[in-house]
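# Observations on the three-dimensional arrangement
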Amino acid sequence: MRVRLALAAGTLLVAAAATAAHAAPGDDLAVDAYGTVATDGTVTVSGTYRCTDDSAGPVFVSSTLVQEDRSASIGGTRAVCDGQVRTWSNSGVVKEPVYRAGAARVKATLMQLTTSGPLGLPLPGFRVAEDAEVTLG
């Protein structure tokens, strides 16, 4: 049983690696220079994106906030892939450790879920990534 699970996990890792970053023509992603952090720990980051085709599966804008040695996922937004430039905004409550006003980084990704895996499970396909310095206020 353990061998089967290890083989299945290895197969998924190989399949996920095969869905490496590939921007479709017209895909774009940007992060705004400023974000907010509220007293209750709610962090909001935003930016713009453009994608042109979501026929292979749903597309999302995900974001991770990094400040000093802390890193946390800050929500995800379903993208509308119609070729238009659109805004995105992700929020999340981060209690431990609490983020503070000041310099930080946002790692944002335009990611598409596809069912091209060997087991028919949804796998992420990374279309565009952006790593930007931001100021939290």
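The following refers to the structure shown. Since this is a predicted model, take the numbers as computed values, not measurements. Throughout, a residue's number is its position along its own chain's written sequence, starting from 1. For a predicted model such as this one, the threshold for reporting local features is a pLDDT of at least 70, and the threshold for listing and counting side-chain atom pairs is 80 or more; totals across whole chains, interfaces and linings nevertheless cover every residue. Hydrogens and water molecules were not included; the side-chain quantities draw on all heavy atoms of the structure.

A word on the nonpolar core. Within the largest apolar cluster, 25 residues are counted, with the highest numbers of intra-cluster contacts made by Leu 29, Val 43, Tyr 49, Leu 65, Trp 88, Tyr 99 and Leu 110. In this description a helix means any DSSP run of H or I spanning at least four residues, a strand means any run of E spanning at least two, and both kinds are numbered starting from the N terminus. Going through the elements one at a time, strand S1 (28-31), strand S3 (42-50), strand S4 (59-67), strand S5 (70-78), strand S7 (102-114) and strand S8 (123-136) are the ones with two or more residues in this core. Nine residue types can take part in a nonpolar core, namely buried Ala, Val, Leu, Ile, Met, Phe, Trp, Tyr and Cys, and a core is a set of them joined through side-chain atoms within 4.5 Å. Summary of the burial criterion: residues with accessible area below 20% of their type's maximum are buried, those above 50% are exposed, and those between are partly exposed, where the area comes from a 1.4 Å probe applied to protein chains only.

Take the state of the cysteines next. Throughout, a disulfide means two cysteine sulfur atoms within 2.5 Å of one another. Counting across every chain of the model gives one disulfide. Across the disulfide, Cys 51 is cross-linked to Cys 81 (sulfur-sulfur distance 2.1 Å). For the disulfide bridge between Cys 51 and Cys 81, the dihedral angle about the S-S bond is near -85°, and by the sign convention the bridge is left-handed. You can see Cys 51 sitting in the loop between S3 and S4 and its partner Cys 81 sitting in the loop between S5 and strand S6 (86-93), a full 30 residues away along the chain. By relative accessible area, which is 0% here, Cys 51 ends up buried. Its relative accessible area of 10% is what places Cys 81 among the buried residues.

A few words now on the packing of aromatic side chains. Pairing of aromatic rings covers Phe, Tyr and Trp, the last counted by its six-membered ring, and requires centre-to-centre distances within 6.5 Å; plane angles under 30 degrees mean stacked, over 60 mean edge-to-face, and any other angle means tilted. The full count for this structure, using the stated rule, is zero aromatic pairs. Its guanidinium or amino end placed over the ring of Tyr 99, Arg 70 lies 5.4 Å from that ring's centre, counting from NZ or CZ. We call a charge positioned over a ring when the NZ of a Lys or the CZ of an Arg lies within 6 Å of the ring centre and within 35 degrees of the ring normal.

With that out of the way, let us pick up the side chain of Ser 63. Following the sequence through the fold, Ser 63 ends up in strand S4. Judged by its relative accessible area of 2%, Ser 63 falls in the buried class. Looking at Ser 63, its side chain comes within polar contact range of the main-chain oxygen of Ile 74, at 2.7 Å. Every residue in contact with Ser 63, bar those within four places of it in the chain, is listed here: Val 45, Ala 72, Ser 73, Ile 74, Gly 75, Trp 88, Asn 90, Val 106, Lys 107 and Ala 108. Between N or O atoms, a polar contact is any pair within 3.5 Å; within protein, one atom must be a potential hydrogen donor and the other a potential acceptor, and residues adjacent in sequence are included only when both atoms are from side chains. Here a residue-residue contact requires only that any non-hydrogen atoms of the pair lie within 4.5 Å.

Let's shift gears to the environment of Asp 53. Within the secondary structure, Asp 53 is located in the loop between S3 and S4. Taking C-alpha positions, Asp 53 is 5.5 Å from Cys 81, a pair spaced 28 residues apart along the chain. When neighbours within four sequence positions are excluded, Asp 53 is seen to be in contact with Val 59, Cys 81, Gln 112 and Arg 127. In terms of polar contacts, Asp 53 uses its side chain to reach the side chain of Ser 55, at 2.8 Å.

Here the focus is the pattern of salt bridges. By definition, a salt bridge exists where a carboxyl oxygen of Asp or Glu is found within 4 Å of a side-chain nitrogen of Lys or Arg. Counted under the stated rule, the structure contains five salt bridges. A salt bridge links Asp 82 to Arg 86, with the shortest nitrogen-to-oxygen separation between them at 2.5 Å. Since its relative accessible area comes to 36%, Asp 82 is described here as partly exposed. Residue Arg 86 is classed as partly exposed on the basis of its relative accessible area of 31%. The salt bridge partner of Arg 105 is Asp 131, with a shortest N-O separation of 3.0 Å.

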